[in-house]
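# A look at the structure
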Amino acid sequence: MMGLPAVLDREISVDWRPTGPQNMAINATERYVWLSGGYGSGKSYYLEMQALRLSLEYPGVTGGLIGPSYPALERDVLSGLMERLESHGIRYQRRILHR
């Protein structure tokens, strides 16, 4: 279970038990982290959780996600991230800069 920072007056708890490589990435002290693995290894889920954590830790900060193509980003990352944000009642603004 991963505890996330409080948003306004509530704490968000996500049922996520990071894998070994995900834990290494979470605890890395380097500024940039490279996480690689095969299909279904948890790379996108790690990215979703980090985006969620950082958005809660730094409210109001603008962030972005990029991918090899918009359809791939939508399929592999955005759909899950938006679903998690909505399930926790977290507002977000979605802007597509380029397709």
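Residues numbered from 1 in each chain as written. Predicted model: local features only at pLDDT ≥ 70, side-chain atom pairs only at ≥ 80, totals over all residues. Heavy atoms only, no water.

### Remarks on helix α3 (residues 70-87)
Note the cut-off: Bend, in this description, refers to the angle at a residue between axes fitted to the seven residues ending there and the seven starting there. Runs of E in the DSSP output that reach at least two residues are strands. Runs of H or I that reach at least four are helices, and both are numbered from the N terminus. Relative accessible area decides the class of each residue, using a 1.4 Å probe on protein chains only: under 20% of the type maximum gives buried, over 50% gives exposed, and in between gives partly exposed. Whether two residues touch is decided by their heavy atoms; if any such pair falls within 4.5 Å, the residues are in contact. Any pair of nitrogen or oxygen atoms within 3.5 Å is treated as a polar contact; in protein, a donor-acceptor pairing is required on top of that, and neighbouring residues in sequence qualify only through side-chain atoms on both sides.
A bend of about 45 degrees at Leu-78 is the largest found in α3. Those residues of α3 lying buried are Tyr-70, Ala-72, Leu-73, Val-77, Leu-78, Gly-80, Leu-81, Met-82, Arg-84 and Leu-85. Looking at the buried side of α3, the elements it contacts are α2 (43-57). Near the N-terminus of α3, the side chain that reaches the backbone nitrogen of Ala-72, with its oxygen 3.2 Å away, is that of Ser-69. Downstream of α3 by one or two residues, Gly-89 has phi in the positive range, about 70 degrees.

### Let's talk about the confidence of the model for the chain
Counted only if it meets this: As a per-residue quantity, pLDDT reports the predictor's confidence and falls between 0 and 100.
Of the residues in the chain, 86% reach a pLDDT of 70 or more, and the chain-wide mean stands at 79. Of all secondary-structure elements in the chain, the lowest mean pLDDT belongs to strand β1 (residues 2-7), at 47, while helix α1 (residues 20-26) reaches the highest, 89. Contacts for the low-pLDDT stretch residues 1-8, under 50 throughout, to residues beyond four places or in other chains number 25 contacts.

### Notes on the layout of surface pockets
Selection criterion: Only protein atoms enter the 1 Å grid, on which a cavity is a set of points fitting a 1.4 Å probe that cannot get out and a pocket is an open set with protein on both sides within 12 Å along at least 5 of 7 lines, lining residues being those with an atom within 4 Å of a point. Grid points are joined across faces, edges and corners, and a volume is the space filled by probe spheres set on the points. Gly is put with the polar residues, along with every residue not named as nonpolar or charged; the nonpolar set is Ala, Val, Leu, Ile, Met, Phe, Trp, Tyr, Cys and Pro, and the charged set is Asp, Glu, Lys and Arg.
The computed volume of the second largest pocket comes to approximately 240 Å³. What lines the second largest pocket is simply Tyr-39, Gly-40, Ser-41, Gly-42, Lys-43, Ser-44, Tyr-45, Arg-75 and Asp-76. If you tally residues by element for the lining of the second largest pocket, the top one is α2, at three residues. Class assignment of the residues belonging to the lining of the second largest pocket gives a composition of two nonpolar, four polar and three charged.

### Notes on the pattern of salt bridges
Defined as follows: In what follows, salt bridge is the name for a side-chain nitrogen of Lys or Arg lying within 4 Å of a carboxyl oxygen of Asp or Glu.
Per the counting criterion, the structure on display carries three salt bridges. Residue Glu-48 is joined to Arg-84 by a salt bridge in which the shortest nitrogen-to-oxygen separation is 2.3 Å. Here Glu-48, found in helix α2, pairs with Arg-84, found in helix α3; they are 36 residues apart in sequence, far enough to count as distant. Since its relative accessible area comes to 5%, Glu-48 is described here as buried. Under the relative-accessibility criterion, Arg-84 is labelled buried at 17%.

### Comments concerning the environment of Tyr-58
Within the secondary structure, Tyr-58 sits in the loop between α2 and α3. Here Glu-57 takes part through its side chain, which lies 3.2 Å from a polar atom of the side chain of Tyr-58.

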